[in-house]
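Each chain is listed here by its residues.
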Amino acid sequence: MIDQNLIELCRQKLISTKADLMNRFQIHIQDFRDRNKGHTGDEADQTMSLQAEHQMLAIQQRMRRQLLEIESALARIQARTFGICEETEEPIEANRLLAIPWTRLSLEGAEIRESKNRSQEA
């Protein structure tokens, strides 16, 4: 069983990280809009603009994935399944939860999953 104080601490970290990501997301969008406002330019300028757009979209995709993981972790807290490894069904190490509160795997579970993925790729 996971300690309730640990769960509450992780919940607060998840909420804080989520708020930070949402703020960063908005800042990236605004920065992109500001940089590309009214810019048509020559071919080189348009290429640079497309590269900047691609980079912004890649950053946004990473942020979305992390937000989904955070939302999933918050849902696991509600469902009382937070802190249980998806591979081993054993409690996830407290230090790991504090470092990565959205994790779904213990260290052992991560090794098992990585080993499975490597064997599937071979």
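Everything discussed here concerns the structure shown above.
Residues numbered from 1 in each chain as written. Predicted model: local features only at pLDDT ≥ 70, side-chain atom pairs only at ≥ 80, totals over all residues. Heavy atoms only, no water.

(A) Just the overall build of the protein chain, in detail. Assigned secondary structure in the protein chain consists of 4 helices and 0 strands. Along the protein chain, from the amino end to the carboxyl end, the secondary structure elements read α-α-α-α. Across its three principal directions, the C-alpha atoms of the protein chain cover 60 × 40 × 20 Å. Put simply, the protein chain has 122 residues, and 26% of those count as buried. Contacts in the protein chain between residues at least 24 apart in sequence constitute 59% of all its contacts with a sequence separation of at least 6. Placing the 17 positive and 20 negative side-chain charges of the protein chain at their respective mean positions leaves the two points 4 Å apart. (Helix = DSSP H or I, 4+ residues; strand = E, 2+ residues; numbered from the N terminus. Buried < 20%, exposed > 50% of the residue type's maximum accessible area, 1.4 Å probe, protein only. Contact = heavy atoms within 4.5 Å. Lys, Arg positive; Asp, Glu negative; His and termini not counted. Charge placed at Lys NZ, Arg CZ, Asp CG, Glu CD.)

(B) Summary view of the environment of cysteine 10. Tracing the backbone through its elements, the reader meets cysteine 10 in helix α1 (residues 4–35). The exposure class assigned to cysteine 10 is buried, which follows from its relative accessible area of 0%. Distance in space between the C-alpha atoms of cysteine 10 and alanine 99 is 9.1 Å, their sequence separation being 89 residues. Beyond its immediate stretch of four places on either side in the chain, cysteine 10 contacts Phe82, Leu97, Leu98 and Pro101.

(C) Representation of the side chain of arginine 76 in the model. Mapping arginine 76 onto the fold places it in helix α2 (residues 43–79). No salt bridge is formed by the buried arginine 76. Its closest oppositely charged neighbour is glutamate 86, at 4.8 Å. In this view, arginine 76 contacts Thr81, Phe82, Trp102, Thr103 and Arg104; residues no more than four positions away in its chain are not counted. (Salt bridge = Lys/Arg side-chain N within 4 Å of Asp/Glu carboxyl O.)

(D) Structural view of α1. Here α1 is 32 residues long and its end C-alpha atoms lie 46 Å apart, about the 46 Å a rise of 1.5 Å per residue gives. Listed as buried for α1 are Leu6, Ile7, Cys10, Leu14, Leu21, Phe25, Ile29 and Phe32. In the core, the buried residues of α1 are packed alongside α2 and α3 (94–99). N-cap assignment for α1: the residue whose side-chain oxygen lies 2.5 Å from the backbone N of asparagine 5 is aspartate 3. (Expected span 1.5 Å × (residues − 1). Polar contact = N/O pair within 3.5 Å; in protein donor to acceptor, adjacent residues only side chain to side chain.)

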